[in-house]
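So the chains spell out like this:
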Amino acid sequence: MDIASSSLCQAHKISLTRCQPSSPVNSCSLTFTGFSLPQISAPCLAKCRRKGTSSGFVRACVAVEQKTRNAIIRIGTRGSPLALAQAYETRAKLQAIHPELTEDGAIHIEIIKTTGDKILSQPLADIGGKGLFTKEIDEALINGHIDIAVHSMKDVPTYLPEKTVLPCNLVREDVRDAFICLTAASLADLPAGSVVGTASLRRKSQILHKYPSLAVEENFRGNVQTRLSKLQGGKVHATLLALAGLKRLSMTENVASVLSLDEMLPAVAQGAIGIACRTDDDKMASYLASLNHEETRLAVACERAFLETLDGSCRTPIAGYAAKDEEGNCFFRGLVASPDGTRVLETSRKGPYVFEDMVKMGKDAGQELLSRAGPGFFSN
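Report on the accompanying structure.

About the criteria used
Residues numbered from 1 in each chain as written. Predicted model: local features only at pLDDT ≥ 70, side-chain atom pairs only at ≥ 80, totals over all residues. Heavy atoms only, no water. Pairing = 2+ DSSP bridges. Helix = DSSP H or I, 4+ residues; strand = E, 2+ residues; numbered from the N terminus. Contact = heavy atoms within 4.5 Å. Axes fitted to C-alpha atoms, helices over the stretch in contact; angles between N-to-C directions. Salt bridge = Lys/Arg side-chain N within 4 Å of Asp/Glu carboxyl O. Buried < 20%, exposed > 50% of the residue type's maximum accessible area, 1.4 Å probe, protein only. Core = buried A, V, L, I, M, F, W, Y, C linked by side-chain atoms within 4.5 Å.

The next thing to look at is the sheet that holds strand β7 (residues 195-197). Here we have 5 strands laid out as an open sheet, ordered β8-β7-β9-β6-β10, and mixed in their pairing. The sheet is open, and its two edges are formed by β8 (215-217) and β10 (257-258), each paired on a single side. The sheet contact formed by β7 and β8 spans 3 bridges and is parallel. Across the sheet, the residue bridging to Val 195 is Ala 215, located in β8. The sheet strands contacting helix α7 (residues 201-210) are β6 (177-181), β7, β8 and β9 (238-242), and the helix crosses β9 at an angle near 130°.

Structure representation (structure tokens):
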């Protein structure tokens, strides 16, 4: 980075780096929305020149803009450490298969701040629910500012925006939840009245159902590092986090224990990364096809069919998990609950590990629980 570029970064308190320390130094670039150098227009640069702006500043802008335009793939992602880890995982997998993507500047990572990242003072259910962590990234994809979008699949609404398709899931990580606590080894070991922090109604309802003597702080939001900091600061006695995220961040040393699927059924698509592109972009579709892990894609499709049937939102505690059993069949478990945990309804299905059959299982399981729940269950 030249002196002009360095000064520019310092002035705006950002760090422009080619890649993460763990990544090959010649393989990617970063842009931060809010001050995105590649989006500075030619008229803007001309205005800078007329006002006598440093030529070094202009050269830095042009250099980064040119580099972004020449990128073969522009990846859109959120700016949290976990979201970036998922973007780098995607980049690494692409480079392992496609040598042309190892060239300098071939992959550019665009960090996009979403509504869910901007509003942290309120519970997720109170600020809109679906699409909180994907809307702005989807818009950037549709508008052509990025070529592919990397999402945590559990954040993706059951509907996709027009002109987009999600043909790729990476190999799924561990779907279980991790118990994080400085004083106890498990939820069962917490004294009565202990406060567990979580932003998830799914976790809240299952905790209160099995451990009614505990209390839940339900606006326990922020990225993994923020929540661990709150825990260490004594705001709560314990918290639950997705084990997949902790593994991707190499932070499993914080785990006191891992909850079994019987103790805490995971969120739909937990541990899965999804990658979207535009419906008319055959080049990106081809790249994504080379990354897709079909077993994960089918399991996620089954779970999302269940969620869609229930018309699930952030106000509805829903859990679902599909996996291949020892016989090669799909085994699905689904759950809905009241937010206070007083009512929990569960069901399961087993059938061929085939897309059509698995989607049908998910929908059928959802219809069963809708029928059993009765009118008013979800509104309450």
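So, about the pattern of salt bridges. Applying the stated rule across the entire model yields 21 salt bridges. Salt-bridge contacts for Arg 278 lead to Asp 147; the nearest nitrogen and oxygen are separated by 3.6 Å. You can see Arg 278 sitting in strand β11 (residues 273-278) and its partner Asp 147 sitting in the loop between α6 (135-142) and β4 (148-152), a full 131 residues away along the chain. Exposure remark for Arg 278: the relative accessible area of 15% places this residue in the buried category. A network of salt bridges, in which partner residues are shared, links Arg 74, Asp 147, Arg 278 and Asp 281.

Among the nonpolar cores identified, the biggest contains 33 residues, and Ile 146, Met 153, Phe 306, Cys 330, Val 336 and Met 358 are the most heavily contacted of them. Contributing elements (two or more residues each) for this core: α6, α11 (294-310), β12 (318-324), β13 (330-337) and α12 (355-373). It is α11 that provides the largest number of residues to this core, a total of 7 residues. If we ignore the near neighbours within four places in the chain, the residues touching Met 153 are Leu 166, Asn 169, Ala 269, Ala 272, Ile 273, Gly 274, Val 300 and Arg 304. In terms of nonpolar packing, the next biggest core, distinct from the first, is built from 21 residues, Ile 148, Leu 170, Ile 273 and Leu 291 among them.

Let us now look at unusual backbone geometry. If a residue is not glycine, its phi is most likely negative; likewise, a peptide bond is most likely trans. Positive phi, normally seen in glycine, also occurs at Lys 163, with a value near 75°. Inspection of the secondary structure puts Lys 163 in the loop between β4 and β5 (164-169). Accessibility expressed as a relative area gives 57% for Lys 163, which makes it exposed. One non-glycine residue, Ser 250, lies in the positive phi region at around 55°. The topology assignment puts Ser 250 in the loop between α9 (243-248) and β10.

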